[in-house]
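Next come the chains, spelled out residue by residue.
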Amino acid sequence: MRSRLLASCLALLACLVPRVGAEVPGPTATVRELLATIRQVKENPATEEERRAQRRAVESLHRLLAFSEVARFALARQWDTLGAAQRNEFLALLRELFEKIAYPKSASFFEDLEIEFDGERIEDSTAEVSTTVHHPEEGLLSIDYRLKREGDAWVVYDIVLDGVSLLVDLRSQIQKVLREESYERLLERMREKLAEAK
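Residues numbered from 1 in each chain as written. Predicted model: local features only at pLDDT ≥ 70, side-chain atom pairs only at ≥ 80, totals over all residues. Heavy atoms only, no water.

A. The overall build of the protein chain, seen in detail. For the protein chain, the count of helices and strands is 8 helices and 5 strands. Counting helices and strands in the order they occur from the N terminus, the protein chain gives α-α-α-α-α-α-β-β-β-β-β-α-α. When burial is assessed residue by residue, the protein chain has 32% of its 198 residues classed as buried. Here the contacts in the protein chain between residues at least 6 apart in sequence split such that 51% fall between residues at least 24 apart. Summed over all atoms, the accessible surface of the protein chain reaches about 12,900 Å², with 51% contributed by carbon and sulfur. (Helix = DSSP H or I, 4+ residues; strand = E, 2+ residues; numbered from the N terminus. Buried < 20%, exposed > 50% of the residue type's maximum accessible area, 1.4 Å probe, protein only. Contact = heavy atoms within 4.5 Å. Areas by Shrake-Rupley, 256 points an atom, 1.4 Å probe, with all protein chains shown as cover.)

Rendered as structure tokens:
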């Protein structure tokens with residue numbers, strides 16, 4: 001009885017603990033997963049099954065994107081003035097904006113596109129994966145994904161579309177509101193965008 005219990009505990013531990021030498025998905029594999037998952041997002045999931053699939057896809061996308069990094073960069077000096085609760089509030093709003101607006105738009109953009117992977121460059125704990133797509137309206141586009149290592153995984157923190165960094169673009173929009181209005185007004189604007197998306 002005791003030996004059976006011990007064997008069961010060891011089997012459970014074997015499932016929970018990663019195998020030694022188990023391969024961690026590299027930057028290109030991470031981007032492939034990101035793109036495959038983004039294509040599962042629907043603008044208005046109609047059935048309960050579609051809504052469950054949407055929730056799973058969104059959770060995966062949140063895991064694949066470096067939200068804290070994006071938030072810190074976008075808010076710049078404002079980030080350092082915020083307490084933990086305020087940072088969590090901003091991150092929650094940012095995630096919800098991605099979920100309700102950015103993910104569906106990206107899904108629509110990538111829906112039928114063929115993506116060519118042109119290679120990856122890894123330097124210490126950062127990497128860049130280069131791709132090319134042929135868009136029916138926009139023509140040939142280069143899309144580069146910038147990643148960083150977080151623990152034993154790679155996460156995307158920026159996407160560069162034909163030389164334009166989406167992270168830098170987001171920062172410039174946020175900094176404009178902070179400069180001309182206030183942090184409180186920035187949060188209001190984010191909530192207004194979410195209300196429009198519902």
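B. Focus on the nonpolar core. Among the nonpolar cores identified, the biggest contains 44 residues, and L75, F90, Y103, Y145, Y183, L186 and M190 are the most heavily contacted of them. Top element by residues in this core is helix α6 (residues 84–110). It accounts for 8 residues. Those residues in contact with Y103 that lie beyond four places of it in its chain are I38, V41, V58, L61, H62, L65, F67 and F98. (Core = buried A, V, L, I, M, F, W, Y, C linked by side-chain atoms within 4.5 Å.)

C. Spotlight on the layout of surface pockets. The computed volume of the largest pocket comes to approximately 1,300 Å³. As for the largest pocket, its lining consists of 37 residues, of which F98, A102, L166, L170 and Q173 are closest to the centre. Among the elements that take part in the lining of the largest pocket, α6 stands out by supplying 10 residues, more than any other. In terms of residue class, the lining of the largest pocket is made up of 29 nonpolar, 2 polar and 6 charged. By volume, the second largest pocket is sized at about 400 Å³. Along its surface, the second largest pocket is lined by 16 residues, and E43, Q54, E99, K100 and P104 are the ones closest to its centre. Broken down by class, the residue content of the lining of the second largest pocket amounts to 5 nonpolar, 2 polar and 9 charged. (1 Å grid on protein atoms, 1.4 Å probe; cavity = no way out; pocket = protein on both sides within 12 Å on 5 of 7 lines; lining within 4 Å. Points joined across faces, edges and corners; volume = space filled by probe spheres on them. Nonpolar A, V, L, I, M, F, W, Y, C, P; charged D, E, K, R; others polar.)

D. Examining the packing of helix α7 (residues 166–180) against helix α8 (residues 183–197) more closely. Running from N to C, α7 and α8 point in directions that differ by 130°, and their axes come no closer than 7 Å. Judged by the angle between their axes, α7 and α8 are oblique. Our pair here, α7 against α8, has a crossing hand that is right-handed. Only Y183, R185, L186 and R189 of α8 make contact with α7, whose side of the interface consists of I174, V177 and L178. (Axes fitted to C-alpha atoms, helices over the stretch in contact; angles between N-to-C directions. Parallel < 35°, antiparallel > 145°, perpendicular 65-115°, else oblique. Left-handed = near helix turned anticlockwise from the far one by under 90°.)

E. Spotlight on the pattern of salt bridges. Tallying each qualifying case throughout the model produces 17 salt bridges. Between K148 and E150 there is a salt bridge; the shortest N-O distance is 3.9 Å. Note on E150: relative accessible area 38%, which makes it partly exposed. When the shortest N-O distance is used, the salt bridge between R185 and E188 registers 3.1 Å. Here E188 and R185 lie together in helix α8, a separation of 3 residues that amounts to about one turn. Taken together, the salt bridges that share partners define one network made up of E181, R185, E188, R189 and E192. (Salt bridge = Lys/Arg side-chain N within 4 Å of Asp/Glu carboxyl O.)

F. Quick peek at α6. If you look at α6, its biggest bend is around 40°, right at F98. For α6, the complete set of buried residues consists of F90, L91, L93, L94, L97, Y103, P104, A107 and F110. (Bend = angle between axes of the 7 residues up to and from the residue.)

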